[in-house]
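# Survey of secondary and tertiary structure
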Amino acid sequence: MCGIVGYIGVKPALPVLLEGLRRLEYRGYDSAGVALLGEPLWLRRAVGRVSDLVQAAREAPEATVGIAHTRWATHGGVTEANAHPHLDAASRIAVVHNGIIENMTALRAQLTSEGVAFRSETDTEVLPHLVRRHYEGDPVDAVQRALAHIRGTYGIVVLFADHPELLVVARNGSPLVVGVGEGETVVASDPQAVVQHTRRVVYLQDRELAVVTRAGVEVRGLDGAPVDLNVELIDGDYDVANREGFPHFMLKEIHEQPRSVRRCLRGRVQSEDGMAKLGGFQMTPRDLAAIQRIVCIGCGTSYHAGMAGAMAIEALARIPARAEIASEFRHRHPIVMRDALFLAISQSGETADTLGAIQEVQLKGGEVLGVVNVVGSTIARTCGRGVYLHSGPEVAVASTKAFTSQVTALLLLTLMLARTRDLSLPRGQEVAEALASAPEKVAHYLANPGPVDAAVELIRDARYVLFLGRGFSFPVALEGALKLKEVAYVPCEAYPAGEMKHGPIAMLEQGTPVVCVVPQDAQRDKAISNMREVQARGAHIIAVHTEGDDEVASLATVSLPVPPIADFASPLVTVLPLQLLAYQAGIALGRDVDKPRNLAKSVTVE
Ligand code: M6R
């Protein structure tokens, strides 16, 4: 979603800003823009990709100060006029903004009545006009006073033509990080655009304002109160990923899963003790034993991983566990029990809904631990404790390797919880062994993925596709349907197989493709009955099943076998054919699989 870069230093600003925007492209956006210091400020914006902005910005003036933005439309269409930066009427104040200004209608009306002529449909444009209204020569005071009128979320960077020596930065609910280099300072919404310059950073907190100069940064509260500077060194893998010879990031990331699952397991499985160790949880066996319920919170793919994890926790540790969609959970005045452990699951660590849910739990005195991929992300820092997935950068908008790593991390936690309860040593050793062997099983399937092409032929022109699964395979069915919608735009939905007869069966007709996820587990026989119900309506079955299960294979038009694995770990392999199915369907239909329409990698607005 929207990305911010600001630079003040000794180098030409434009290449730094454009490179920063390129590094934020993975977040998803629809237009981009840049403003450079000048008399008046120099502005270029473009609809489309950063490469379009590069063309538009060919004749830029020399400047060592500037701000830039990638926009994901919320208020107003995808047009050049709506792209950021936005300027005041005299083109002497420029603002880039992430977040949403909730009282923009009232502010626009008020500013219009005072004679301001708006040039865009955005909420953001109120900011430069408001700052102008309060500007009496002191840029920091003007921003502070302008923000006192704002309700909503923001991360902003403000550039003043009259003050070439500084940028003013402020945050409320939308992340900003300031990188402090030698004679140069870089501001961005994501460390990804900072690390190539410096790893010394200051993360702004909510309701903080920073004055950024070539010499560094000074932070204060929005009320002007001084704030101690906390300069951190960021570690973590921020290299811009390359496709390693694959035609798309999505395919590369699917094939990376044997490695990413292995990285997630490394040093965490204790085979002899039939135990797992997640140091970042900082929990003793006594702490673990005190947990009476678990709530996994996430969105999209992370929510699906949370469902699979919650099922494993209930099955093996016998602790009541459930998954919650973050955007629903946070707004329904949730009950936060003192004996509950909340887990915030997120690949990016920046998802606004998940962050909001965490804050709601924390406000009610609850304990939330992160299950996060991006090191140092807002969710990781807000939780303070948790487990990193170590998947490496996930670039494709459709999440793939993060899902298998999230499930893996939750299974490690399951084993820890289960062993502090009733799980015996031999049974713990079996679970540890199943986890340790998962990367080979993932590799085994990917080396021979079966007739995915034939499955694509069944679904590519379908008006409707139904995904079915029971137990651990239901979150997998949901995830398969989400992937197919996201990257191929094929209408589909997922249901628990036993629920089909209560409604969706009415959608089945001759030739309707139905994807059945039926590994060899306790639910298999019931799932076979559901497959027969599908078959009786003339629908075509694409079956994901355990290798050698001839009965399931015989019911399918296309059969996609996966290696045998313990039921609780089955999502790690059954999801793989569904990821490939979505990818190949997207390619067959000519979609932009790495950057599907309307989607953003990091969903930083509610
Ligand atoms: O970064 P997060 O895991 O918090 O993101 C959550 C969802 O936005 C994300 O999983 C989304 O559904 C993906 N595009 C799924 O492929």
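Residues numbered from 1 in each chain as written. Predicted model: local features only at pLDDT ≥ 70, side-chain atom pairs only at ≥ 80, totals over all residues. Heavy atoms only, no water.

The sheet built from eight strands is open, its strands ordered β3-β2-β4-β1-β10-β9-β11-β14 with antiparallel pairing. Among the strands making up the open sheet, the edge pair consists of β3 (42-47) and β14 (232-233). Note that strand β9 (residues 177-180) and strand β10 (residues 185-188) share four bridges and pair antiparallel. Across the sheet, G179 pairs through a bridge with V186, a residue of β10. Strand contacts of helix α1 (residues 13-24): β1 (3-8), β2 (31-36) and β4 (65-71), with the helix running at about 155° to β1, the strand carrying the most contacts. (Pairing = 2+ DSSP bridges. Helix = DSSP H or I, 4+ residues; strand = E, 2+ residues; numbered from the N terminus. Contact = heavy atoms within 4.5 Å. Axes fitted to C-alpha atoms, helices over the stretch in contact; angles between N-to-C directions.)

Structurally, the protein chain comprises domain 1 (3-233), domain 2 (245-446) and domain 3 (448-593). For domain 1 versus domain 2, the separation of C-alpha centres amounts to 35 Å. Across the boundary between the two partners, domain 1 contributes six residues, which contact eight residues of domain 2. Around 640 Å² of area is buried between domain 1 and domain 2 when both sides are counted, 50% of it from carbon and sulfur atoms. The tally of links between domain 1 and domain 2 comes to zero salt bridges. Counting every contact that joins domain 1 to domain 2 gives one residue pair in polar contact (both at pLDDT 80 or more). The class makeup of the residues in the side of domain 1 that touches domain 2 is three nonpolar, one polar and two charged. (Domains from an automatic or database assignment. Buried area = accessible area lost by both parts, 1.4 Å probe. Salt bridge = Lys/Arg side-chain N within 4 Å of Asp/Glu carboxyl O. Polar contact = N/O pair within 3.5 Å; in protein donor to acceptor, adjacent residues only side chain to side chain. Nonpolar A, V, L, I, M, F, W, Y, C, P; charged D, E, K, R; others polar.)

A separate point is the site of the ligand. Near the ligand lie 15 residues; those nearest to it are S302, S346, S348, T351 and E486. In the model, an oxygen atom of the ligand is placed 2.4 Å from a nitrogen or oxygen of the T351 side chain. Separating a nitrogen atom of the ligand from a backbone N or O atom of V397 is a distance of 3.2 Å. In isolation the ligand offers 410 Å² of accessible surface; the protein chains occlude 92% of this area. Of all the secondary structure elements, the ones that give two or more residues to the shell around the ligand are α9 (300-317) and α17 (473-488). Considered class by class, the residues forming the shell around the ligand number five nonpolar, eight polar and two charged. Counting the residues that make up the shell around the ligand, at least three belong to each of domain 2 (245-446) and domain 3 (448-593). (Near = heavy atom within 4 Å. Areas by Shrake-Rupley, 256 points an atom, 1.4 Å probe, with all protein chains shown as cover.)

Right, let's get into the pattern of salt bridges. Under the counting rule described, the total for this entry stands at 33 salt bridges. R330 is paired through a salt bridge with D353; the nearest N and O atoms lie 3.8 Å apart. Placement of R330 in helix α10 (residues 326-330) and of D353 in helix α11 (residues 352-363) is noted, with a sequence separation of 23 residues between them. Taking relative accessible area as the criterion, R330 reaches 16% and is therefore assigned buried. Overall, the relative accessible area of 13% leaves D353 in the buried class. With its nearest N and O atoms 2.5 Å apart, the salt bridge here joins E479 to K483. One end of the pair, E479, and the other, K483, are both in helix α17, four residues apart, so they sit about a helical turn from each other. Taking the relative accessible area as the measure of exposure, K483 reaches 1% and is therefore buried. One salt-bridge network, held together by shared partners, links R524, D525, R532, D549 and E551. (Buried < 20%, exposed > 50% of the residue type's maximum accessible area, 1.4 Å probe, protein only.)

Let us now look at the state of the cysteines. Summed over the entire model, instances satisfying the criterion amount to zero disulfides. In this structure C2 is not part of a disulfide, and its nearest cysteine sulfur, from C299, lies 17 Å away. With no disulfide partner, C383 has as its closest neighbouring cysteine sulfur the one in C296, 12 Å distant. (Disulfide = S-S within 2.5 Å.)

One open sheet accounts for five strands, arranged β18-β17-β19-β20-β21; its pairing is parallel. Pairing within the sheet leaves two strands with one partner each, and these edge strands are β18 (321-325) and β21 (386-388). Within the sheet, the average angular offset between the axes of one strand and its neighbour, ignoring direction, is 20°. Here five bridges tie strand β17 (residues 293-298) to strand β19 (residues 340-346), and the two strands are oriented parallel to one another. Note that in β19 the partner of C296 across the bridge is L343. With respect to the sheet, helix α13 (residues 401-419) is in contact with β17, β19, β20 (367-372) and β21, its orientation differing from that of β19 by roughly 160°.

Right, let's talk about the packing of helix α7 (residues 257-265) against α13 for a bit. The contact between α7 and α13 brings their axes to 9 Å, and the two run at 30°. Our classification of the angle between α7 and α13 gives roughly parallel. Crossing geometry of α7 relative to α13 is assigned as right-handed. Along the contact surface, α7 presents Q257, S260, V261, C264 and L265, while α13 presents K401, T404, S405, T408, A409 and L412. Class assignment of the residues belonging to the contact of α7 with α13 gives a composition of five nonpolar, five polar and one charged. (Parallel < 35°, antiparallel > 145°, perpendicular 65-115°, else oblique. Left-handed = near helix turned anticlockwise from the far one by under 90°.)

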